[in-house]
Amino acid sequence: MAIEFMNRTIRQKRRLGDILLAAGVITEEQLKLGLENQKQKKLKLGEALVDLKILNEDQIVEALVKQLGVNSVNLLDMQIPESIIKLVDEQVLRKYTVFPFELNPRNASMLRVAMVDPLDIIAMDDLGIITNYEIEQFVASKKDILTMINRYYGNSEAKKAAERYSKERKEQQGADKKEDEKENELDVSNSPIVQLVNKVIEQAARQRASDIHIEPMEKQVRIRYRIDGVLTNVMTYGLDVLTAIIARIKIIGGMDISEKRKPQDGRITSVVDGTEYDIRVSILPTVFGEKVVMRLTSKMALTKDKKDLGFSDDEMEKFDRILKNPHGIILVTGPTGSGKSTTLYTALSELNVEGVNIITVEDPVEANIDGINQVQVNVKADMTFAAALRSILRQDPDIIMIGEIRDRETAEIAVKASITGHLVVSTLHTNSAASTITRLADMGVEPYLIADATVGVIAQRLVRRLCPKCKKERYADAFECKLMECSAGQDPVIYDPVGCMHCNHTGYRGRIGVYEIMPITPKLREVISNHGNAEQIKEIALQEGMKTLRKAAAKYVLDGTTSISELRRIAFEE
């Protein structure tokens with residue numbers, strides 16, 4: 001014990017900055033910047049360095065392991081026994097950012113604990129007193145520890161907040177059963193509801209949710225998260241909390257708290273684990289009360305490197321060639337939630353160089369990019385896509401990004417802008433690359449103008465990635481081979497989802513883009529000018545080397561990235 005105490009004391013004296021310098025992962029100058037940021041934002045040094053993007057959490061973990069001789073642990077794949085979960089209260093775990101995960105197999109008096117800071121003696125002493133175990137420290141990233149706390153304790157804390165609110169409300173109703181707007185406004189300032197709404201948003205961000213649905217039902221309120229494109233039920237509460245939840249969301253979203261009969265839209269900015277999220281809020285009155293949908297967008301997630309989008313080498317070459325056009329229209333198409341915005345922002349980041357003037361008109365502006373002039377649509381002020389575009393053309397732009405072509409007027413201005421020497425990038429809601437051309441014609445744009453203006457169309461979908469930890473291989477049957485257009489006599493191995501702790505028992509973790517890229521060639525221009533229909537355009541594009549969405553998805557099925565059910569989901573219209 002005396003030796004262990006000495007070791008702890010020595011480790012305590014070694015500061016994180018010294019450890020990172022010794023590991024060679026930061027310079028003296030970067031440490032100085034980190035210490036300034038730490039003081040300014042009142043963060044721990046590690047958090048300050050991550051905030052400045054000097055390091056990521058994994059690099060800090062590696063440096064601590066190397067310099068201190070402690071072990072790291074991968075928590076996300078673990079099933080933690082109930083007996084370990086009951087040892088420490090959630091508030092203590094959050095206070096110190098620690099997570100106990102097992103007893104030492106060789107010494108049952110030692111509790112293994114994952115820590116962000118293995119030098120935190122106060123945390124180890126407190127845990128030792130609370131659990132009555134000797135603490136054996138392991139290193140893990142803050143993100144992984146918070147994910148585990150959220151997984152095992154998240155709902156319980158939110159439920160406690162809801163129960164506290166319900167109890168307070170019943171006590172108030174006992175005194176006076178009449179409710180008015182003033183009482184509702186008082187309700188919203190109660191800390192349990194503030195905590196509940198915060199917990200719902202934090203959990204959604206940590207579980208990689210793209211949307212939060214708060215739905216009033218006949219006897220309860222249901223909260224669901226859309227994770228990897230699929231809605232998952234996460235919590236249910238009594239109806240008595242609905243009014244206060246809605247009121248709280250309206251206040252932080254800048255909406256009218258007294259208006260309950262009309263749909264409303266708002267916007268919230270929230271920071272979770274150092275990542276800023278832009279949250280678009282939509283409120284819709286239903287028969288049982290107001291329903292809320294919150295769309296979470298991480299500004300970091302929208303500006304990816306183009307290598308992370310999921311393009312194959314062939315597709316990357318086509319994408320680069322389309323982007324090199326000095327003028328014309330590039331269209332990205334697909335249904336809502338298919339990753340069009342991410343592709344657009346990635347394209348803009350690629351084109352964003354010093355000698356180019358880029359102006360966007362969006363509804364809403366989803367991510368701020370340095371060096372790009374972004375305009376927000378405002379219908380109440382008559383700032384529509386078309387009105388904004390007319391003004392933008394007088395701003396000497398080189399590249400124009402239009403959030404979405406919704407009507408004939410916007411389409412015509414976009415086409416004329418591209419013909420007069422501008423590169424225009426925009427989106428449309430269509431099912432395939434070929435049908436995008438006919439959609440523009442249906443809007444009233446002349447086919448010869450479409451043929452002259454368009455330089456490339458990218459149709460896309462997102463498929464869920466199979467969990468690498470639990471996917472199960474098997475041979476494809478005859479129908480599946482036909483679906484993937486396999487060669488005769490081929491007996492391919494494909495994979496099915498299973499489900500484990502790593503993927504939250506869904507069988508999938510994350511998503512990847514599937515693309516149908518159609519560069520507009522001279523042959524295609526001729527077909528489009530001659531009023532060719534979608535089938536004729538598709539036929540020529542296939543002859544020119546275009547791969548369909550089904551073909552692109554089949555490649556991912558055959559290499560084990562996704563499942564056959566995901567291919568069928570995105571290629572049903574073919």
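For the structure itself, look to the data block above.
Keep in mind the model is a prediction, meaning the values are calculated, not measured.

**Focus on the overall build of the protein**
In step 1: Counting its regular elements, the protein contains 24 helices and 18 strands.
In step 2: Relative to a compact globule of 574 residues, whose C-alpha radius of gyration would be 25 Å, the protein shows 27 Å and is just as compact.
In step 3: Projected onto its principal axes, the C-alpha coordinates of the protein cover approximately 85 × 65 × 55 Å.
In step 4: Within the protein, the proportion of its 574 residues that are buried is 49%.
In step 5: Excluding contacts between residues fewer than 6 apart, the proportion of contacts in the protein whose partners are at least 24 apart in sequence is 63%.
In step 6: With the model as given, the accessible surface of the protein reaches about 28400 Å², and the carbon-plus-sulfur share is 50%.
In step 7: A distance of 3 Å separates the average location of the 79 positive side-chain charges in the protein from that of its 84 negative side-chain charges.

**Structural notes on the state of the cysteines**
Among covalent bonds in proteins, the disulfide is the one between the sulfur atoms of two cysteines.
In step 1: Scanning the entire structure with this criterion turns up zero disulfides.
In step 2: Residue Cys486 stays outside any disulfide, its sulfur separated by 4.3 Å from that of Cys481, the closest cysteine.
In step 3: There is no disulfide at Cys503, and the cysteine sulfur nearest it, in Cys500, is 3.9 Å away.

**A word on the environment of Ser72**
In step 1: With respect to the secondary-structure elements, Ser72 resides in the loop between α5 (57-68) and α6 (82-85).
In step 2: On the basis of relative accessibility, which here comes to 44%, the residue Ser72 falls in the partly exposed class.
In step 3: Sequence spacing of Ser72 and Ser141 is 69 residues, and the spatial spacing of their C-alpha atoms is 9.1 Å.
In step 4: Other than its neighbours up to four places away in sequence, Ser72 contacts Val61, Val65, Phe138 and Val139.

**Some details on the nonpolar core**
In step 1: Counting residues in hydrophobic clusters, the biggest one holds 40 residues, and the most contacted among them are Val361, Ile402, Ile437, Met518 and Ile537.
In step 2: Leave out the neighbours within four places in its chain, and Val361 touches Val375, Val377, Phe385, Ala388, Leu389, Ile392, Met401, Ile402 and Gly403.
In step 3: Of all hydrophobic cores here, the second largest spans 35 residues; its members include Ala204, Tyr237, Ile245 and Leu296.

**Structural notes on α5**
In step 1: Between its terminal C-alpha atoms α5 stretches 16 Å, which fits the 16 Å expected from twelve residues at 1.5 Å a residue.
In step 2: The complete set of buried residues in α5 reads Ile60, Val61, Ala63, Leu64 and Leu68. The arc that holds every buried residue of α5, seen down its axis, measures 165°, which confines them to one face. Along α5, the residues that are exposed and aim more than 90 degrees away from the buried face are Asp58, Glu62 and Lys66.
In step 3: The backbone nitrogen of Asp58 lies 3.1 Å from a side-chain oxygen of the residue at the head of α5, namely Asn56.
In step 4: Backbone geometry just after α5 places Gly69 at a positive phi near 75°.

Criteria and cut-off values
- Residues numbered from 1 in each chain as written.
- Predicted model: local features only at pLDDT ≥ 70, side-chain atom pairs only at ≥ 80, totals over all residues.
- Heavy atoms only, no water.
- Helix = DSSP H or I, 4+ residues; strand = E, 2+ residues; numbered from the N terminus.
- Rg over C-alpha atoms; globule rule 2.2 N^0.38 Å.
- Buried < 20%, exposed > 50% of the residue type's maximum accessible area, 1.4 Å probe, protein only.
- Contact = heavy atoms within 4.5 Å.
- Areas by Shrake-Rupley, 256 points an atom, 1.4 Å probe, with all protein chains shown as cover.
- Lys, Arg positive; Asp, Glu negative; His and termini not counted.
- Charge placed at Lys NZ, Arg CZ, Asp CG, Glu CD.
- Disulfide = S-S within 2.5 Å.
- Core = buried A, V, L, I, M, F, W, Y, C linked by side-chain atoms within 4.5 Å.
- Expected span 1.5 Å × (residues − 1).
- Arc of directions from axis to C-beta.
- Polar contact = N/O pair within 3.5 Å; in protein donor to acceptor, adjacent residues only side chain to side chain.

The values are spatial; any link to function lies outside them.
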